[in-house]
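Notes for the structure review
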Amino acid sequence: MIPAAFAYARPTTVDEALRAVAEGGEDVKIMAGGQSLIPVMRLRLAAPETVVDLTRVAELRGVRDDGDAIVIGAMTTHHDVMTDPLVLQHAPLIAEATETVADRQVRARGTFGGALAHADPAGDLPAVALALDADFVIAGPQGRRTVPASEFFVDYLTTALEEGELLVEIRVPKLAGEWGMRYEKFNRVAQAWSIVAVAAVVRREDGHIAEARIGLTNMGSTPLRASAVEAALAGAEASPETIASAARSAAEGTSPTSDLNAQADYREHLAQVLTRRAVTAAVGL
Amino acid sequence: MTAVEDRATTEAPEREVGKARRRKEDARLITGRTTWTDNMVLPGMLHLAVVRSPVAHGKITSIDVSAAQQAPGVIAVLTGRDVADEQGSIPCAWPVTPDMVNPGHPSIAADEVNHVGEAVAVIVARSKAAAQDAVELVDVDYDLLPAVLDMEEAVAEGAQLTHDHLDSNRSFHFVFDGGEAGTGTDTDEAFSSAEVVVSRRFVQQRLIPAFMEPRSVVVQPQGDNYTMWSSTQVPHILRIMLAMVTGVPEHKLRVVAPDVGGGFGGKLQVTPEEVISLLVARRLGKPVKWTETRSESLMTAHHGRDQIQYIDIAADREGNVKGLRCRILADMGAYLRLVSPGVPVLGAFMFNGIYKFPAYRFECDGVFTNKVPTDAYRGAGRPEATFAVERIMDELAVELGMDPLELRRKNWIGAEEFPFTSVAGMTYDSGDYEAATQQALELFGYDELRAEQQRRRESNDPVQLGIGVSTFTEMCGLAPSRVLGSLSYGAGGWEHASIRMLPTGKVEVVSGATPHGQGHETAWSQLVADRLGVPFEDIEVLHGDTSVSPRGLDTYGSRSLVVGGAAVVNAAEKVVAKARRVAAHLLEASEDDLDFSGGKFAVRGTPGSEVSIQEIALATFAAHNFPEGMEPSIDADATFDPENFSFPHGTHLCAMEVDTETGMVKIRKYACVDDVGTIVNPLIVEGQIHGGLAQGIAQALFEEAVYDADGNLTTGSFVDYLVPSAADLPHFDTGNTVHEAPGNPIGAKGVGEAGTIASTPAVVNAALDAVRHLGVRDIRMPLTPERVWRALQDGGDGGDRATAGTNAYGGAQTETTAGVSTPQSALGGDR
């Protein structure tokens, strides 16, 4: 449980951080809380040449109001996200899901951006960001660019972040109209990762479901949208029967893995049950 | 002159036994401001790291240590060949049958490895980091051999062999037959004439003790003397065994167990790493330290349970049990460790539980597999036995259409029948099963829960409710030495204590029972405070160092209070007897005319004429004015060897919600009433019950050591080996009845294992009760949501789990944490 030797940089600004990454050699890892990185380094699954620790980059912390969106700094801790008034007002789904992440100690150090950039398929926040159509602001040597959530998650533990780039903030659009949200997480002990989880964001209009966005956690190598369910729910009556019927296609297009918590067919089954429950709760039935 | 403070009041102090004192040791244990072994730093100390086998079974064809030897900071690299002449074999102290096969257990494998994680070399370096870095530089070639992983296959005709120098995978075949022993009638006859026979196969999964403090060893050589500090439950046994294994004479070896952070049986062992540390220190003449990583701990510290149980029960149609037949396969793993074979044999006398079976037969095969050895784990043999009988009683109740509690009541031993000699030949000392059950039913709210169960069934609620019952007794207070002798165990079961009266009136209590979190210091202080009449605060309990506490047999099997506490009480009585003689001398009275109360000797009928035992301690130190012919000491020793075991019992009730859509189970209510005899400290008893329940529930619902098809432990971290926390457990409603144990001066029966033993079957019975009407009749432990769901889908027992570790955390497994991976090892998994 002792990591291999590595160089360590602790910048205080984004510019310094980008420089440290550029100068860090072949294999640079960015530490944004370290709650996943340090364990894998201690197990020697990762042996980076340089670790760039963003803990002291103050400009990456905090949540601000930016008109049509709230903007969450990548280094905002889970604890600070969960308790932030803007998050609770405009994106309560994020707070609800973040409360289920690991334990208190991890939430005090782990960060929103760190969890998203790590892109663990069993992590809770990627599917939430996907369901909320968040935008990811990325800083690099050439300046900043913005990537939508639908393009950010590329593969298992792989994102649109290129070498030398940093995730700096996440823009979560404010939602207009009558929205309901729910994160249904399924795991075996309190601090564990999701076996499967479902993030549901639903807009109601005149007793109907005008729009539904469903994010799936751990149903493939990346977070997924349950597009068949979304299509079936769009414009549908907000009744238990229509929701149950739509939820049956939750596993369409997914490719879950088998591990000792669940084999693939059971994950597919769970996705259906949890989607029904999440949508039902989001709709307010 | 007196060094003892005068106390204003002459009232007798409040009785300590029975007081819910907070534990005096907790402040230092909880804050960590104490000497855990890994905190020790000695001048010039070197650090060890162990190179471990990534294969489950193979011949070592070559080891190249040259790169590691030249790595920065590395002092030496030793292989099994290097220490072959001095390492001996890890000892097994319990040859349960005369023809038991013991393959021998080198601390460092020399020619062949037999489980993933087995030591193949040790690195000695100036720092822990340097030692760890060099592990990756040792190059070992293996010729792979087939891995034996399944017990039922291992005992079949033509099976692959775990050890190719042995003839089979059987280590021993142990039989207890009540008919042959004269304690029961003929079992075959009981079954052939029975109206009803129910047969089941139960699986006790493999568990990992998962103590909080990883194992750690420090050895300091001083000339030809050696001091070993080890995070062990058994410093006294360790000292004897190390002397026998390594040839370091016993009187040249001191073993210290400083504060130890949990064991659960997992530190009742003589480990390869303890032997290796001693050998390295001896060879290099330098102090050394080895501390394991969590991954090493899960992979290489001994495991527990792992039995397949074939249980047959015979009864008549009215529900009177007629016979019990148990055939057990017990997985020893690759080697026999200290008491590996003894664990299932302890269970042999408990499968009959609290019931009056006329006929009983137990047979057990100890089976070798290419997995880490099994050995003691909280309850050791008795949870396995209790699970089997409490599960089969429920199955019989279903078969007969009887209420499970009614069936039990019909067959258990009546309160008026104690002492009762069981069909396994045990003499149950005291108890009242009906009283404990009644109290548990009241705590539980049994009738309301049954009514709710009915409502949920009728409305076809997706969340069904079930109620599980488990009653139990266990043999505690290990152990009467002559009984251990009759079972071929290599040592006795007595315990030793001494009491030293210091000149200032303070008291040192030396105990041979070494705690690792139980609270001995508090409980022993309470015992002595009452017997000597000195304040609780004036007592210090010393333990765990063979030079301070030279005689002892340590802590396991719910023995400390029952055996060790009894020795303390007896020593205290001897101190009082000696002090009485001094008091008589000082008060110029006859011993017979003295009353001893509240720590003072007073002459009966002569008010004001008194002397306290603390004053006598000073008078003894001075020895100026002492009884003629009496040596100037009132200190005393006692060794207590129990004549019988003690038999705690209890009734546990669990209400379980089962979400039939997902398979998720959730304990709705848990109530238990335990009879552990006299309670010295209710807070400690409550804590032991809570911890025991957590561990027993964990077996039912959460924990399982899973090996893949190549013999890699895939539950190699706490991401995959799920130990529940308070957040995952319900509120516990607990109660007690008290029937004193007649066999020791305290009246205590032992509480360390009770909760673990009784809870597992209560929980499983509850889950099955919730879904039995849906066609489910068994679910394998742990009851993962997937298993429950599959059992609901197809009526089986939930089946095997996929063996791949979770992909979360980046699939936190490497060759060094979980061995090699082949296509077979990823049963449907994508690492």
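The rules behind each value
Residues numbered from 1 in each chain as written. Chains lettered and ligands numbered in written order. Predicted model: local features only at pLDDT ≥ 70, side-chain atom pairs only at ≥ 80, totals over all residues. Heavy atoms only, no water. UniProt positions renumbered as here; feature names shortened; annotations may be inferred. Helix = DSSP H or I, 4+ residues; strand = E, 2+ residues; numbered from the N terminus. Rg over C-alpha atoms; globule rule 2.2 N^0.38 Å. Buried < 20%, exposed > 50% of the residue type's maximum accessible area, 1.4 Å probe, protein only. Contact = heavy atoms within 4.5 Å. Domains from an automatic or database assignment. Pairing = 2+ DSSP bridges. Salt bridge = Lys/Arg side-chain N within 4 Å of Asp/Glu carboxyl O. Polar contact = N/O pair within 3.5 Å; in protein donor to acceptor, adjacent residues only side chain to side chain. Axes fitted to C-alpha atoms, helices over the stretch in contact; angles between N-to-C directions. Nonpolar A, V, L, I, M, F, W, Y, C, P; charged D, E, K, R; others polar. Parallel < 35°, antiparallel > 145°, perpendicular 65-115°, else oblique. Left-handed = near helix turned anticlockwise from the far one by under 90°.

Labelled according to an unreviewed UniProt entry, chain B appears under the name Xanthine dehydrogenase, molybdenum binding subunit apoprotein, originating from Geodermatophilus obscurus. What UniProt states about chain B under its Cofactor (unreviewed entry) heading is, verbatim, "Mo-molybdopterin cytosine dinucleotide".

Labelled according to an unreviewed UniProt entry, chain A appears under the name Carbon-monoxide dehydrogenase medium subunit, originating from Geodermatophilus obscurus.

Some thoughts on the overall build of chain B
Across its full length, chain B holds 24 helices and 28 strands. Rg of the C-alpha trace for chain B: 28 Å, near the compact-globule value of 28 Å for 831 residues, within the 12% margin. Summarising its shape, the C-alpha atoms of chain B cover approximately 85 × 75 × 50 Å along the three principal directions. Per-residue burial over chain B gives 65% buried out of 831 residues. Considering only contacts within chain B whose residues lie at least 6 apart along the sequence, 80% involve residues at least 24 apart.

Some thoughts on the domain arrangement of chain B
Parsing chain B into structural domains produces domain 1 (37-145 + 212-262 + 267-300), domain 2 (147-207 + 303-428), domain 3 (440-473 + 646-831) and domain 4 (494-640). Centre-to-centre separation of domain 1 of chain B and domain 3 of chain B, based on C-alpha positions: 35 Å.

Describing the pairing of strand E7 (residues 143-148) of chain A
Residues and elements named next belong to chain A. Sheet analysis places strand E6 (residues 135-140) next to E7, joined by six bridges and oriented antiparallel. From the neighbouring strand, Ala139 faces E7, where its bridge partner is Arg144. Two successive antiparallel strands, E6 and E7, enclose a turn made up of two residues.

Section: the domain arrangement of chain A
Residue and element names in this part refer to chain A. Domain assignment breaks chain A into domain 1 (7-53), domain 2 (63-173) and domain 3 (178-283). Relative placement of domain 2 and domain 3: their C-alpha centres are 20 Å apart. In this assembly, 26 residues from domain 2 lie in contact with 23 residues from domain 3. Put simply, domain 2 and domain 3 have four salt bridges between them. Across the contact surface, domain 2 and domain 3 share eleven residue pairs in polar contact (both at pLDDT 80 or more). Listing elements by their share of the side of domain 2 that touches domain 3, those giving two or more residues are helix H5 (92-98), helix H8 (125-131) and strand E8 (153-155).

Regarding the sheet that holds strand E1 (residues 46-52) of chain B
Residues and elements named next belong to chain B. Overall, mixed pairing links the seven strands, which are arranged E3-E5-E1-E12-E9-E10-E11 in an open sheet. Looking along the sheet, the strands with just one partner apiece sit at the ends: strand E3 (74-79) and strand E11 (253-256). For this sheet, the mean angle separating the axes of adjacent strands, direction not counted, is 20°. Judged from the six bridges that link them, E1 and strand E5 (residues 119-125) form a sheet pairing that is antiparallel. Following the sheet pairing, Leu48 is matched in E5 by Val124. Packing against the sheet, helix H8 (residues 235-246) makes contact with strand E10 (225-230) and E11, and its axis sits at approximately 150° to E11.

Section: the UniProt feature "domain: Aldehyde oxidase/xanthine dehydrogenase a/b hammerhead" (unreviewed entry) in chain B
The sites that UniProt annotates as "domain: Aldehyde oxidase/xanthine dehydrogenase a/b hammerhead" (unreviewed entry) are residues 31-146 of chain B. Along residues 31-146 of chain B, the helical share is 15% and the strand share 30%, with 48 Å between the first and last C-alpha atoms.

Describing the interface of chain B and chain A
Listed per partner, the contact involves 49 residues of chain B and 35 residues of chain A. Our count for the chain B to chain A interface comes out at six salt bridges. Across the salt bridge formed by Asp659 of chain B and Arg277 of chain A, the nearest N and O atoms sit 2.9 Å from each other. Seen at the junction of chain B and chain A, the total is 16 residue pairs in polar contact (both at pLDDT 80 or more). For the side of chain B that touches chain A, the elements supplying multiple residues, two or more each, are helix H4 (128-135), helix H10 (294-300), helix H22 (785-794) and helix H23 (808-811) of chain B. Taken together, the residues of the side of chain B that touches chain A sort by class into 18 nonpolar, 18 polar and 13 charged.

Overview of the UniProt feature "domain: FAD-binding PCMH-type" (unreviewed entry) in chain A
Taking the UniProt record as the reference, the feature "domain: FAD-binding PCMH-type" (unreviewed entry) is found at residues 1-177 of chain A. Along residues 1-177 of chain A, the helical share is 32% and the strand share 25%, with 51 Å between the first and last C-alpha atoms.

What to know about H22 of chain B
At 3.6 residues per turn, the α-helix brings residues three or four places apart onto the same side. In terms of burial, H22 of chain B is a largely internal element, eight of the ten residues being buried. Among the residues of H22 of chain B, Pro785, Glu786, Arg787, Val788, Trp789, Arg790, Ala791 and Leu792 of chain B are the ones counted as buried. The secondary structure elements touched by the buried residues of H22 of chain B are strand E11 (178-186) and helix H12 (264-283) of chain A together with strand E26 (649-659), strand E27 (665-675) and helix H21 (754-771) of chain B. Residue Gly795 of chain B follows H22 of chain B closely and has a positive phi angle near 75°.

Here we look at the packing of helix H17 (residues 520-532) of chain B against helix H18 (residues 560-587) of chain B
Any two packed helices are characterised by the angle at which their axes cross and by the distance between the axes. Residues and elements named next belong to chain B. Their axes nearest at 9 Å, the elements H17 and H18 cross at an angle of 30°. Overall, the two elements H17 and H18 adopt an arrangement that is roughly parallel. As for the relative orientation of H17 and H18, their crossing is right-handed in sense. Contacts between H17 and H18 pair His520, Trp524, Leu527, Val528, Arg531 and Leu532 from the former with Ser560, Leu561, Gly564, Gly565, Val568, Val569, Ala572, Glu573, Val575 and Val576 from the latter. Taken together, the residues of the contact of H17 with H18 sort by class into ten nonpolar, four polar and two charged.

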